[in-house]
Amino acid sequence: MYHHTVLTLVANFALHLSAATKPSKESEKKLFSDLLQSYDKRVIPKGLTNDTLLVVFDTGLLQLNDVDMKAQIMDGVYYMLQQWTDEELTWNPADYGGIHSLTFPEDTIWMPTIRSVNDVDIAVSERSHLTAFLRVMFDGSVIHNYVVRIKSSCSIGLRYFPFDRQNCTLTFTQIEHMMWEMNITTRYEMKLDHYLGSNSYEILDSETNLEVLSDGGELLATRIHYHLIFQRRPLSYLLNLVLPCSLITFVAMLSFCLPPESGEKVGLGLTVLLSLSVFLMILSDNLPQTAELPLIGIFFFGVFLLVTLTTSLSILTMSLHYKSTADNVREMPRWMQVILFEYVARLLCMSLLVKQENPTRDDLNGFEVKANKTVTNNVNTVHVAPYEPKAEEDNKHMDQVALTTEANEDIRVISNFVRSLESSNAAEERERKKSVKWRNSALVLDRLLFVVFLLFNVVFTLWILLKARHGDRAGA
C-alpha cells in the first residue's frame, strides 16, 4: 500500500519535471550515449564550491509497523529523497530535441551512500529497498527518491505504560566519504503528510537536528537526527489487562459475602490468584526486564497483594465464626464487643441484626423472674385445710394432714426440679449468647473488610490511571 502511495507521488512529480513536448526516441538514445560515454560512476562528482559535494537528504514516514518493547526496536517504512548536482551530467536541451530530464537506473551513475546509524537489521532494509526514480535534470541536478523499511533501535521508556509517550530517533550519516568530500544537510522535519496511520500508536510530532562529528578539529561527517514523538493508544490494554484484573479483584472481595458454612471462601481466593498469575505471565512476555518499574507493574503487584490479604483475612473471619462451635466457648473480650457491636456495626448499618441476635441481660433476667413467679404461684395455689379439733373427726383429720404433708413434699420436689431446669436453661442461654456473639463478630468483620477492600481497590486503580495519564511521559 505504501509502495503505491510513493509511486503515485513520484509519478505526479515527474510529470511536472518533464518537458511539455514529447522528445523523440533517437534524441534520448543519443543523449544517454553522450552522457555515459566517458562517465565513471566510481568517481564522486565535484561540488559547485570548494570541491565539496552537498547532498540534500529528506525523509518522511509512511507507516509505523510495530514498536517492540522487549527488543527495544521501532519498525517503520520511510520514503527518502536525495538531491545533489553532478556536473558530468549536464547538457543543452536545444541540442537534444528539447529534453529537459532523463530517468537513469540506480547502477548507471554515481549515488551517495547514506545509511541509518541505528539500523539493527540491514538485510531487511536492503530487501525492502524500492526505487521510485533516479531523475537527472539538464543542469546536472539529480533527484533520487526511494522507499525503505528500517528497523531502528530505540530506547523505550515504560514507566507510564500503557499511557507512555516515546521519542525514537532515526539517525542518518554519509558512508564511504569524508565530510570535506561530501556533506549532507536537510531542509525539512520528518514529513508526516503521507503517513498511513496506525491502530496502536498516534504520531504527535517530529523534530530534526544536525550534528557534526569531528576529531581533533578535523571534520569527519554530519549526522541528521530525526526525532519521532508518538504515544500508545491505551484502550486495548485497559480492556484486556487493567479492567479484567480490577473485576477479578472485586470477585475475590466477594468472598467476604459468602457464608462460612459454604466452605468456598479460601477456594475463591486461590482461584483468583491463579487467574492473576496468567495476566502476570502475559505482561512479563511483553515488557522487557529493566530496572525501571512501570506503573502497570505496580498495579498488578498491588492487586496481587490485595487478593492475598483478602484470602488471608477470610481465613481469620472463618476462625472467628467456628469459635462458636467449640465445646467450651470462651467469652468475647469486652473491648472487642464494644468496637464491633457498638461502633463498627452502627457504622455499617448492622445494629438491628446484632441486637436481634444478641439479647440483652435485662431480657434474660426478665425471663428468669417470670419463670420464678410462675412456680411460686403454682405453689401458692395448693390449699391446706384448717385444723378442727373434734373428737369424732380425729382419724379423718390425721388422714388430711398426711395427704397435705405428702402434697407439700411433692410440690417441693417439683419446685426444685423447675429451679434446676431454669438454671440449666439459663446456662444454655449464656452459652448460646457466647456463640452468637462470635458468629456476629465474624459477620460484622466480613462486612467491614469488604467495604474497606472495595474502597481501596477503587482508589488504587484510579490513582494508577490518573498518575499514568497525567504524568511526565515524554521521551524515553
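The notes below deal with the structure included here.

Rules used throughout
- Position numbers for residues count from 1 along each chain, tracking the sequence in the order it is written.
- Where totals are concerned, whole chains, interfaces and linings use all residues; where local detail is concerned, this predicted model gives features only for residues with pLDDT of at least 70, and gives and counts side-chain atom pairs only at 80 or more.
- Calculated side-chain values reflect all of the structure's heavy atoms, with hydrogen atoms and water omitted.
- Two aromatic rings, drawn from Phe, Tyr or Trp (for Trp, its six-membered ring), form a pair once their centres lie within 6.5 Å of each other, and the interplanar angle then sorts them: stacked below 30 degrees, edge-to-face above 60, tilted otherwise.
- Distance and angle both matter: a charge sits over a ring if NZ of Lys or CZ of Arg is within 6 Å of the ring centre and within 35 degrees of the ring normal.
- The criterion is simple. A nonpolar core is a set of buried Ala, Val, Leu, Ile, Met, Phe, Trp, Tyr and Cys residues joined through side-chain atoms within 4.5 Å.
- Burial status follows relative accessibility: with a 1.4 Å probe on protein chains alone, a residue under 20% of its type maximum counts as buried, one over 50% as exposed, and anything between as partly exposed.
- The helix count covers DSSP runs of H or I at least four residues long, the strand count covers runs of E at least two residues long, and both are numbered beginning at the N terminus.
- Residue contacts are counted whenever heavy atoms from the two residues lie within 4.5 Å of one another.
- Patches were defined on residues exceeding 30% relative accessible area and lacking a salt bridge, with like-charge contacts within 9 Å and nonpolar side-chain contacts (Val, Leu, Ile, Met, Phe, Trp, Tyr) within 5 Å.
- In short, Shrake-Rupley with a 1.4 Å probe defines the accessible areas, and a residue's cover is counted only from the protein chains shown.
- We define a salt bridge as a side-chain nitrogen of Lys or Arg found within 4 Å of a carboxyl oxygen belonging to Asp or Glu.
- Criterion for a disulfide: a pair of cysteine sulfur atoms within 2.5 Å.

### Quick look at the packing of aromatic side chains
1) Next: Tallying each qualifying case throughout the model produces 11 aromatic pairs.
2) Next: Among the aromatic residues, ring-to-ring pairing joins Phe299, Phe300, Phe456, Phe460 and Trp463 into one connected group.
3) Next: The residue whose ring lies beneath lysine 191 is tyrosine 188, and the NZ or CZ to ring-centre distance is 4.4 Å.

### Details of the nonpolar core
1) Next: Within the largest apolar cluster, 69 residues are counted, with the highest numbers of intra-cluster contacts made by Met74 and Phe230.
2) Next: Grouped together as the second largest cluster of nonpolar side chains are nine residues, Val344, Leu348, Trp438 and Val444 included.

### Focus: the side chain of threonine 249
1) Next: Tracing the chain through its elements places threonine 249 in helix H4 (residues 235-253).
2) Next: Setting aside residues up to four positions removed in sequence, threonine 249 forms contacts with Val303, Leu306, Val307 and Asn457.

### A closer look at a nonpolar patch on the surface
1) Next: Together, Leu235, Leu239, Leu243 and Leu247 make up a nonpolar patch on the protein surface, roughly 390 Å² of accessible area in all.
2) Next: Here leucine 247 shows up in helix H4.

### Points about the environment of leucine 306
1) Next: Within the secondary structure layout, leucine 306 lies in helix H6 (residues 295-322).
2) Next: Leucine 306 has contacts with Thr249, Phe453, Phe456 and Asn457, leaving out every residue within four places of it along the chain.

### Describing unusual backbone geometry
1) Next: Omega for the bond connecting phenylalanine 161 with proline 162 falls within 30 degrees of zero, at 5°, which places this linkage in the cis form.
2) Next: Within the secondary structure layout, proline 162 lies in the loop between strand E6 (141-153) and strand E7 (165-175).
3) Next: Here glutamine 72, not a glycine, exhibits a phi torsion of approximately 60°, which is positive.
4) Next: Here glutamine 72 lies in the loop between strand E1 (53-68) and strand E2 (73-85).
5) Next: Taking relative accessible area as the criterion, glutamine 72 reaches 21% and is therefore assigned partly exposed.
6) Next: Positive phi, normally seen in glycine, also occurs at glutamate 176, with a value near 80°.
7) Next: By the secondary structure assignment, glutamate 176 is in the loop between E7 and strand E8 (182-185).

### A closer look at the pattern of salt bridges
1) Next: Considering all chains together, one arrives at five salt bridges under this definition.
2) Next: With its nearest N and O atoms 3.1 Å apart, the salt bridge here joins aspartate 58 to arginine 187. Of this pair, aspartate 58 sits in strand E1 while arginine 187 sits in the loop between E8 and strand E9 (201-215); the two residues are 129 residues apart in sequence, bridging distant segments of the chain.
3) Next: Residue classification places aspartate 58 among the buried residues on the basis of a relative accessible area of 3%.

### Side note on the state of the cysteines
1) Next: If you walk through the whole model with that rule in mind, you get one disulfide.
2) Next: Two residues share a disulfide in this structure: cysteine 154 and cysteine 168, whose sulfurs sit 1.9 Å from each other. Where cysteine 154 bonds to cysteine 168 through sulfur, the torsion about that S-S bond is close to -80°, and the disulfide is left-handed. With a gap of 14 residues between them, cysteine 154 in the loop between E6 and E7 and cysteine 168 in strand E7 connect regions that are remote in the sequence. Neither residue differs from the other here; cysteine 154 and cysteine 168 are each classed as buried.

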